[in-house]
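One letter stands for each residue in the lines below.
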Amino acid sequence: MRHRVDTRKLGRDTSHRKAMLANLVASLIIEESIETTVTRAKEVRRVAERIITRAKGGTLHDRRLVIARMNHKAAVNKLFDDVAPRYSERPGGYTRIVRTGFRKDDAAPLAIIALV
């Protein structure tokens, strides 16, 4: 039974999954839009929304928590300097997922996840 299990495994063990999601969130913050599969996009949205909300606080403690989750210096700097102030008045919903079709190789559904 899957009672109260709310995350997707994405075919990876825990450390690989956490590293992949951290890298995808860093890419999303730097590029502000990335294309990936729909399932990955939904998981990236969960992580990104929490990180952006944490960055809106702007304290040193918030910065250290974000660095612990996503160890990418350029992405953290852009997040705290540009992205978080942009969403200071917005109470959530910082990302948008748009389905774009299917991958040619394995027919996996693709989506673009972008910052609003």
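Residues numbered from 1 in each chain as written. Predicted model: local features only at pLDDT ≥ 70, side-chain atom pairs only at ≥ 80, totals over all residues. Heavy atoms only, no water.

### So, the side chain of D62
Thought 1: Its place among the elements puts D62 in helix α3 (residues 60-69).
Thought 2: For D62, a relative accessible area of 8% gives the class buried.
Thought 3: At a separation of 3.5 Å, a polar atom in the side chain of D62 contacts the main-chain amide nitrogen of G58.
Thought 4: Filtering out sequence-adjacent residues up to four positions away, D62 remains in contact with R54, G57 and F80. (Helix = DSSP H or I, 4+ residues; strand = E, 2+ residues; numbered from the N terminus. Buried < 20%, exposed > 50% of the residue type's maximum accessible area, 1.4 Å probe, protein only. Polar contact = N/O pair within 3.5 Å; in protein donor to acceptor, adjacent residues only side chain to side chain. Contact = heavy atoms within 4.5 Å.)

### What about the sheet that holds strand β2 (residues 95-102)?
Thought 1: Strand order in the open sheet formed by three strands is β1-β3-β2, with antiparallel pairing between adjacent strands. The two strands at the open ends of the sheet, each matched to only one other strand, are β1 (33-37) and β2. If you compare each strand with its neighbour and ignore which way they point, the axes differ by 25° on average.
Thought 2: As paired strands, β2 and strand β3 (residues 109-115) are joined by seven bridges and run antiparallel to one another. Opposite G101, over in β3, you have L110 as the bridge partner. (Pairing = 2+ DSSP bridges. Axes fitted to C-alpha atoms, helices over the stretch in contact; angles between N-to-C directions.)

### So, the side chain of T36
Thought 1: With respect to the element layout, T36 can be found in strand β1.
Thought 2: For T36, a relative accessible area of 7% corresponds to the buried category.
Thought 3: Setting aside residues no more than four positions away along its own chain, T36 makes contact with A41, P109, L110 and A111.

### A look at the pattern of salt bridges
Thought 1: In this structure the tally under the stated criterion is six salt bridges.
Thought 2: One salt bridge connects R46 with D6, and the closest N-O pair in it is separated by 3.5 Å. Here the residue R46 occupies a position in helix α2 (residues 38-55), and D6 occupies one in the segment before α1 (14-31), the gap between them amounting to 40 residues.
Thought 3: For E32, the salt bridge is made with K78, and the minimal N-O distance between the two is 3.3 Å. (Salt bridge = Lys/Arg side-chain N within 4 Å of Asp/Glu carboxyl O.)

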